[in-house]
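Now for the letters of each chain:
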Amino acid sequence: MYSLKVQLFAASFIALLGGAVSFYVISTSPVVGAAAFFLCFLLSFGILYFYIYRPVQKIQRFITAQQEAIAPQRLMVNSSDELQELSDSFNGMLENLKSDIVQMKKLERVRTEFLGNVSHELRTPIFSTQGLLETLLNGAVDDTRVNREFLQRALHNTERLNTLLTELIDISRIESGEMKLRFRFFDVVPFLKSVVDEMQTSATQRTISLSLVGDELKSIDIYGDKERLHQVLVNLIDNAIKYSEPKDRVTVAFHEKADTVAICVEDTGIGIAPQHLPRIFERFYRVDRDRSREVGGTGLGLAIVKHIVEAHNSTIEVDSLVGAGTKFTFEVTKSHSG
Ligand code: ADP
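Remember, predicted model here, so these are calculated numbers, not experimental data. (Residues numbered from 1 in each chain as written. Predicted model: local features only at pLDDT ≥ 70, side-chain atom pairs only at ≥ 80, totals over all residues.)

Peer 1: Got a minute to help me understand the sheet that holds strand β2 (residues 209-213) in this structure?
Peer 2: Hydrogen bonds between backbone atoms are what pair the strands of a sheet, whose relative direction is either parallel or antiparallel. The strand order β2-β4-β5-β7-β6 describes an open sheet built from 5 strands, whose pairing is mixed. Taken across any chain shown, the strands that pair with only one partner, and hence form the sheet edges, are β2 and β6 (317-321). Adjacent strand axes in the sheet meet at a mean angle of 15°, parallel and antiparallel pairs treated alike. Most of the contacts of helix α6 (residues 226-242) go to strand β5 (residues 260-267), to which it runs at about 25°, and overall it touches β2, β4 (249-256), β5 and β7 (325-333). (Pairing = 2+ DSSP bridges. Helix = DSSP H or I, 4+ residues; strand = E, 2+ residues; numbered from the N terminus. Axes fitted to C-alpha atoms, helices over the stretch in contact; angles between N-to-C directions. Contact = placed C-beta atoms within 7 Å.)

Right, dumping it as structure tokens:
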């Protein structure tokens, strides 16, 4: 197939030639002249009609149909000129639109699901506090057997709300890109030691042994946001303690590699069944909702951990065996002078 320019040129040339020939012939034989004119007219009309008018009409009908279509189709124009190129670009544009719409619908679904989860999580402690306060006001406040306990439970609910709101704010700041990381160089060994020391009390309360494994005399400089990495470790150690039984062990370990330091938080706790592993980093996903609530979980901790680790250009890996324990590992870039 020739390009549109050639086809237009051919049609105009034939029309012009027809005019000239008919003009010339008409003076000698009007019948032959008229026939020559008619033939040229038919030829140029045919070119314009079949190669230009019909494909353009097809494109126009297709565009009109797409405005009402639920699932857009592909535009098929059998030609190899600029109209084919136009149809290819149009098909490309439709594909992009299609994937944008799919993405938008997915985001909309995620947003609705997230809002549903947030309202559910907020409602539970609010309703419970409301119930406790109402019972106290209706007379239980003077009943020395329950009044302190009810107040303690109300306080526990407000603490839960506070944790939930803090984590929600964190998640939204991370996801909107508002949370800026402050990278700097610091020695990872005393840092890990201080986090382990800080978590020692809550481990002891649950009779769980918590220790740091690695050469504590070493000095390894890493490049990261100290405050956010502290949040990652506290979350992982806290989970390891929460999802273990008394007498279990939690260890924090570090291994120096060529360019990075691998940090692991490992426990000998309840473990996670394989079908849950791919989903535990999702917001509000819990393996055992009741156990998570009981130990004060919000279902947001690992989602925050994942975001922070990824902002350090790393990934968080998890290995687990039900009844044997769980191990979370991530790496942080080393300072080359360190
Ligand atoms: P939560 O606030 O419920 O602890 P997280 O996002 O921190 O939420 O963790 C999601 C879920 O992953 C938890 O509810 C729990 O079921 C599971 N989980 C996380 N860490 C561990 C662990 N060390 N051992 C067993 N299960 C864990």
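Peer 1: Sorry, what's going on with the site of the ligand here?
Peer 2: Taken together, 21 residues surround the ligand, and among them Arg286, Val287, Ser292, Gly297 and Gly301 come closest. Considering every element that reaches the shell around the ligand, the biggest residue donor is helix α8 (residues 301-311), with 3 residues. Residues of the shell around the ligand, tallied by class, amount to 10 nonpolar, 8 polar and 3 charged. (Near = placed C-beta within 6 Å. Nonpolar A, V, L, I, M, F, W, Y, C, P; charged D, E, K, R; others polar.)

Peer 1: Sorry if this is basic, but what is going on with the packing of helix α3 (residues 82-137) against helix α4 (residues 147-175) here?
Peer 2: Two quantities define a packed helix pair, namely the angle between the helix axes and the distance between the axes. Running from N to C, α3 and α4 point in directions that differ by 160°, and their axes come no closer than 9 Å. With respect to α4, the element α3 is oriented roughly antiparallel. Crossing of α3 against α4: the hand is left-handed. Where α3 abuts α4, its residues Val118, Glu121, Leu122, Pro125, Ser128, Thr129, Leu132, Leu133, Thr135 and Leu136 lie against Asn147, Phe150, Arg153, Ala154, Asn157, Thr158, Arg160, Leu161, Leu164 and Leu168. Its residues assigned to classes, the contact of α3 with α4 comprises 11 nonpolar, 6 polar and 3 charged. (Parallel < 35°, antiparallel > 145°, perpendicular 65-115°, else oblique. Left-handed = near helix turned anticlockwise from the far one by under 90°.)

Peer 1: Sorry, what's going on with the environment of Arg228 here?
Peer 2: With respect to the secondary-structure elements, Arg228 resides in helix α6. For the pair Arg228 and Arg182, spaced 46 residues apart in the sequence, the C-alpha separation amounts to 8.7 Å. Dropping the residues within four chain positions of it, Arg228 is found in contact with Leu181 and Ile308.

Peer 1: Please clarify how the domain arrangement of the protein should be interpreted in this entry.
Peer 2: Assigned domains within the protein: domain 1 (4-79), domain 2 (112-176) and domain 3 (184-333). Between domain 2 and domain 3, the C-alpha centre-to-centre distance is 27 Å. Opposite the 11 residues of domain 2 that make contact, domain 3 presents 8 residues. Looking at the side of domain 2 that touches domain 3, the elements that each hand over two or more residues are α3 and α4. Per-element tally for the side of domain 2 that touches domain 3: the top contributor is α4, with 8 residues. (Domains from an automatic or database assignment.)

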